[in-house]
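These are the residues of each chain, in order.
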Amino acid sequence: MSLEKRIKAFVQLGLFLKQFKNGQKNEAIAPINDKFYDDFEYIILRQKALNGWFEKENVIQAINAIGESLTAEQLNDWLSSYSIKEDANKAVGVIMAGNIPMVGFHDFLSVLISGNKIQAKLASNDNTLIRKIGEILVFIDSDFEDKISFVEKLENFDAVIATGSNNTARYFEQYFGKYPNIIRKNRNSVAIVNENDKAEELNALGTDIFQYFGLGCRSVSKVYFPKGYKIDTFFESILDDFQDVTQNNKYANNYDYNKAVYLMGNNQLLDNGFLLLKEDATLASPVGVLNYEFYDSIETLSVHLKEQEENLQCIVSSKNTPIETFGFGEAQCPALNDYADGVDTMKFLLEL
């Protein structure tokens, strides 16, 4: 199966996935829609029942973001810096996370687009969407049939990509250490607020905090404010667009629980009714909580963040902050070459 054919198939998949944002069918892919559109729409609607965190809006956001990335131009640009063999055909076991919808798709794409075979062990709380996408790819091009398998246990594989927590990573290293592997651990994302940031810029930061309820490694779990900053400015900027987050019972329960725990521990909190701000040096924060610190200068903060590099997935800020970061609102929309944990998945696969 040539690289050209693989790219063409994923472009067709991208056209399919982009339809669900607006609910308008693309006539150019009518045969795919005739077989899969209604089933896939039903699976989208079922996600909330299967996983209480997977609100329809978030599921469609994740699906659409993937669809938008699967264009011929973006795929070719991404792959142009690699030398891809037509006869790779290694069996790669992929253990996927399930914290946000289809979070394992990039590994799925990377293994297949590199010409290898995937054994995918799906997370129990996200095991329907990617499975159906596998069926769609086989329908688009039957050559994928012997390239895709979904398994309960990895067997007869040549390499492993596993994503989990710091705890599970220890087990992954024990079980898979003798194979070529990528083993991912916990990472967090942070934001830098500048004193000149306007309300609309801070509102975009709200997307980085609340999308997927803060469960992703690209979700902002900590904010750095300039010394002397009035945090009410930040609270006011996110009030109107994000206060409905507590309509999700799981989020509301976490918010209430963490608030009670912190108050019983005499922790000082800032509270706007749907988000708790806690001054804390740690990067990770529970659902419904955002850690924060004040910084004296962007220079000292840059040095601090460099020291934390192995624990950070991404950093966001506005154009007012004079260091290179993702922009506010961009954390959950990584490019194809923006690899998790900074490990080049394609390079790893092509060197097997």
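The following paragraphs examine the structure supplied in this document.

About the criteria used
Residues numbered from 1 in each chain as written. Predicted model: local features only at pLDDT ≥ 70, side-chain atom pairs only at ≥ 80, totals over all residues. Heavy atoms only, no water. Helix = DSSP H or I, 4+ residues; strand = E, 2+ residues; numbered from the N terminus. Contact = heavy atoms within 4.5 Å. Salt bridge = Lys/Arg side-chain N within 4 Å of Asp/Glu carboxyl O. Buried < 20%, exposed > 50% of the residue type's maximum accessible area, 1.4 Å probe, protein only. Pairing = 2+ DSSP bridges. Axes fitted to C-alpha atoms, helices over the stretch in contact; angles between N-to-C directions. Parallel < 35°, antiparallel > 145°, perpendicular 65-115°, else oblique. Nonpolar A, V, L, I, M, F, W, Y, C, P; charged D, E, K, R; others polar. Polar contact = N/O pair within 3.5 Å; in protein donor to acceptor, adjacent residues only side chain to side chain.

**Examining the side chain of Asp341**
Reasoning step 1: For Asp341, the location among the structural elements is in the loop between β12 (326-327) and α12 (345-350).
Reasoning step 2: Apart from the residues within four sequence positions on either side, Asp341 is in contact with Arg184, Lys185, Arg187 and Gln313.

**Quick notes on the pattern of salt bridges**
Reasoning step 1: Counted under the stated rule, the structure contains 14 salt bridges.
Reasoning step 2: With a closest N to O distance of 2.9 Å, Arg218 and Asp338 form a salt bridge. With a gap of 120 residues between them, Arg218 in the loop between α8 (199-210) and β7 (220-226) and Asp338 in the loop between β12 and α12 connect regions that are remote in the sequence.
Reasoning step 3: One salt bridge in this structure joins Lys227 and Asp296, with 3.6 Å as the shortest N-O distance. With Lys227 in the loop between β7 and α9 (231-242) and Asp296 in the loop between β10 (289-295) and α11 (298-307), this pair connects stretches of sequence that are 69 residues apart. Of the two residues, Lys227 and Asp296, both sit in the exposed class.

**Notes on the sheet that holds β7**
Reasoning step 1: Strand order across the open sheet formed by 7 strands is β8-β9-β10-β7-β6-β11-β12, with mixed pairing between neighbours. At either end of the open sheet lies a strand with only one pairing partner, and these are β8 (269-271) and β12.
Reasoning step 2: Bridge count between strand β11 (residues 312-317) and β12: 2 bridges; the pairing is parallel. Of the residues in β12, the one forming a bridge with Val316 is Phe326.

**A look at the packing of helix α4 (residues 72-79) against helix α5 (residues 105-113)**
The angle between the axes and the distance between the axes are what describe a pair of packed helices.
Reasoning step 1: Where α4 contacts α5, the axes come no closer than 13 Å and their chain directions differ by 70°. Taken together, α4 and α5 sit at an angle that is classed as roughly perpendicular. From α4, Leu75, Trp78 and Leu79 reach across to α5, where they touch His106, Leu109, Ser110 and Ile113.
Reasoning step 2: Looking at the contact of α4 with α5, its residues break down into 5 nonpolar, 2 polar and no charged.

**Side note on the sheet that holds strand β2 (residues 117-121)**
Reasoning step 1: Strands sit in the order β3-β2-β1-β4-β5 across an open sheet of 5 strands; the sheet is parallel. Here the strands that pair on one side only, and so sit at the sheet edges, are β3 (148-150) and β5 (181-184). Recorded for the sheet is a direction-independent mean angle of 15° between the axes of neighbouring strands.
Reasoning step 2: In the sheet, β2 pairs with β3 via 3 bridges, with the strands oriented parallel. Within β3, the residue paired with Ala120 across the bridge is Phe150.
Reasoning step 3: Where α5 meets the sheet, it contacts β1 (91-95), β2, β3, β4 (159-163) and β5, and its direction lies at approximately 160° from that of β2.

**Some remarks on the side chain of Asn33**
Reasoning step 1: Relative to the helices and strands, Asn33 is located in helix α2 (residues 30-50).
Reasoning step 2: A distance of 3.3 Å separates the side chain of Asn33 from the backbone oxygen of Asn26, its partner in a polar contact.
Reasoning step 3: Those residues within four positions of Asn33 in sequence are excluded, and the remaining contacts are Phe16, Gln19, Lys25 and Asn26.

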